[in-house]
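Each chain is listed here by its residues.
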Amino acid sequence: MSEVSIVNARANVMVYDEQQKKWLPSGNSQGMAKVQVYHHTVNSTYRVVGRKINDHAVVINCALQKGLRYHVATERFHQWRDQRQVYGLNFASSAEAEEFGNIVRDCLAKLAGGASPVDNGAAVRAREEEDRQKAEEEQKAAAEEERKRAEEEQQRLAEEERRREEEERKRKEEEARVAAERAQEEERQRQMAPPLPSTAPPAPRIPQAPTPPPAPPAPKAPPAPPAPPAPPAPKAPPAPPAPGAPPAPPAPGGPPPPKPAGGAGDLAAQLAGATLKRSQTGKPAPKPAISLQDEMRMKLERRKAKMDEGGGSGGNSVISTAASTPTPSVGQQVLL
């Protein structure tokens, strides 16, 4: 095999985008790659080849030509330019970066036909300083471009926000105007509409339930039984004896005379005492309490006296009247 690997290192392979002014990962994805420098022993040529560690995809295949400028930007970041691209290697460690950089500079010195990098250290350092300054300028330019881009993006967003706010304000004003016009139109139509009737239309008549048939008449109560016949009239009592002379009146302020006991004489004595008491006081004496039998007896005596005065014809009428007069029940009071 005519090509041999003279150095290898782990690094992220980057390319510089002139339009976007920033570094981008080489290939379709980011990740560490194994970067090697191959030497063609027959042709005495060199090239840098890098493959991704995970999928072995080739991310760099660049030939080292005479006059190529290899720049050490930092301890771990090296870069160079060819006719097509600007390449950058971000090494995994400073030791790997230093070893890889020394080998590349030695290869470029051999291609140039000059002294070894070890012998021509001053010239190499001068070129490195120049490359470093150039890289710093490029980084500053990229940073300034990024800042301008950020400001422009911020201004664009602010302008869009103002435009949205203005559109929202106009939309709300338009909605308010449409709502006001609609309200005016509704008010105008309401004023032009004929007035509604003051009374509501009569409610539909609800059909009434049919009248139930009358109830059958109640059976008549049986007639009341006839009243019992009146009891027979009591026999006429014997005629009372003629009343004697009234007793002498008691002294004023003294107790009333004792009541005589029993019969018609008792009743006459009570009446006489009541008359005497009324004549003494000037006020009508209260009627003595008499029993029902005494009452009936006194009526019969008065009627009999009238019969005696009027002749024999009055006897029959007295008897019939007494017979037709009902006997009062016990407990009833008969007034004179």
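Everything numeric in this text was worked out from a predicted model, so none of it was measured.

1. Things to note about the overall build of the chain
Moving on, step 1. Secondary structure summary: the chain contains five helices and eight strands in total.
Moving on, step 2. Reading the secondary structure of the chain in the N-to-C direction produces β-β-β-β-β-β-β-β-α-α-α-α-α.
Moving on, step 3. Split into buried and exposed, the 336 residues of the chain put 19% on the buried side.
Moving on, step 4. In the chain, the proportion of contacts linking residues at least 24 apart, taken out of those at least 6 apart, comes to 51%.
Moving on, step 5. When the accessible surface of the chain is totalled, it reaches about 25,200 Å², and 57% of it is carbon and sulfur.

2. Section: the side chain of H40
Moving on, step 1. Tracing the backbone shows H40 in strand β3 (residues 33–40).
Moving on, step 2. By relative accessible area, which is 14% here, H40 ends up buried.
Moving on, step 3. Reaching out from H40, the side chain makes a polar contact with the backbone nitrogen of N43 at a distance of 3.0 Å.
Moving on, step 4. Here H40 is in contact with S2, E3 and T45, once residues within four sequence places are set aside.

3. Here we look at the pattern of salt bridges
Oppositely charged side chains may form a pair once their charged atoms are brought near each other.
Moving on, step 1. Inspection of the entire model under this criterion finds 22 salt bridges.
Moving on, step 2. We note a salt bridge from R81 to E18, for which the minimum N-O separation is 4.0 Å. A residue pair is termed long-range when its members are at least 10 positions apart, and R81 in strand β7 (residues 77–81) and E18 in the loop between β1 (3–17) and β2 (22–25) qualify at 63 residues.
Moving on, step 3. Judged by its relative accessible area of 39%, R81 is partly exposed.
Moving on, step 4. You can call E18 partly exposed: its relative accessible area is 39%.
Moving on, step 5. Put simply, E151 and R147 hold a salt bridge, and the shortest N to O gap is 2.6 Å. One end of the pair is E151 and the other is R147, both in helix α2 (residues 121–192) and four residues apart, which spans about a single turn.
Moving on, step 6. By relative accessible area, E151 is classed as partly exposed at 36%.
Moving on, step 7. One network of salt bridges, in which partners are shared, links E18, K21, R81 and E138.

4. Examining unusual backbone geometry
Moving on, step 1. A positive phi angle, near 60°, is found at K21, a position not held by glycine.
Moving on, step 2. Relative to the helices and strands, K21 resides in the loop between β1 and β2.
Moving on, step 3. With a phi close to 60°, S44 is a non-glycine residue in the positive phi region.
Moving on, step 4. Positionally, S44 belongs in the loop between β3 and β4 (45–52).

5. Concerning the confidence of the model for the chain
Detailed reading of the predicted model is not advised wherever pLDDT is low.
Moving on, step 1. Here the chain averages 76 in pLDDT, while 61% of its residues score no lower than 70.
Moving on, step 2. Confidence over residues 115–120 falls short of pLDDT 50; this stretch has seven contacts with residues more than four positions distant or in other chains.
Moving on, step 3. Every residue in residues 313–336 is under pLDDT 50, and counting partners more than four places away or in other chains gives 24 contacts.

Criteria and cut-off values
Residues numbered from 1 in each chain as written. Predicted model: local features only at pLDDT ≥ 70, side-chain atom pairs only at ≥ 80, totals over all residues. Heavy atoms only, no water. Helix = DSSP H or I, 4+ residues; strand = E, 2+ residues; numbered from the N terminus. Buried < 20%, exposed > 50% of the residue type's maximum accessible area, 1.4 Å probe, protein only. Contact = heavy atoms within 4.5 Å. Areas by Shrake-Rupley, 256 points an atom, 1.4 Å probe, with all protein chains shown as cover. Polar contact = N/O pair within 3.5 Å; in protein donor to acceptor, adjacent residues only side chain to side chain. Salt bridge = Lys/Arg side-chain N within 4 Å of Asp/Glu carboxyl O. pLDDT = per-residue confidence, 0-100.

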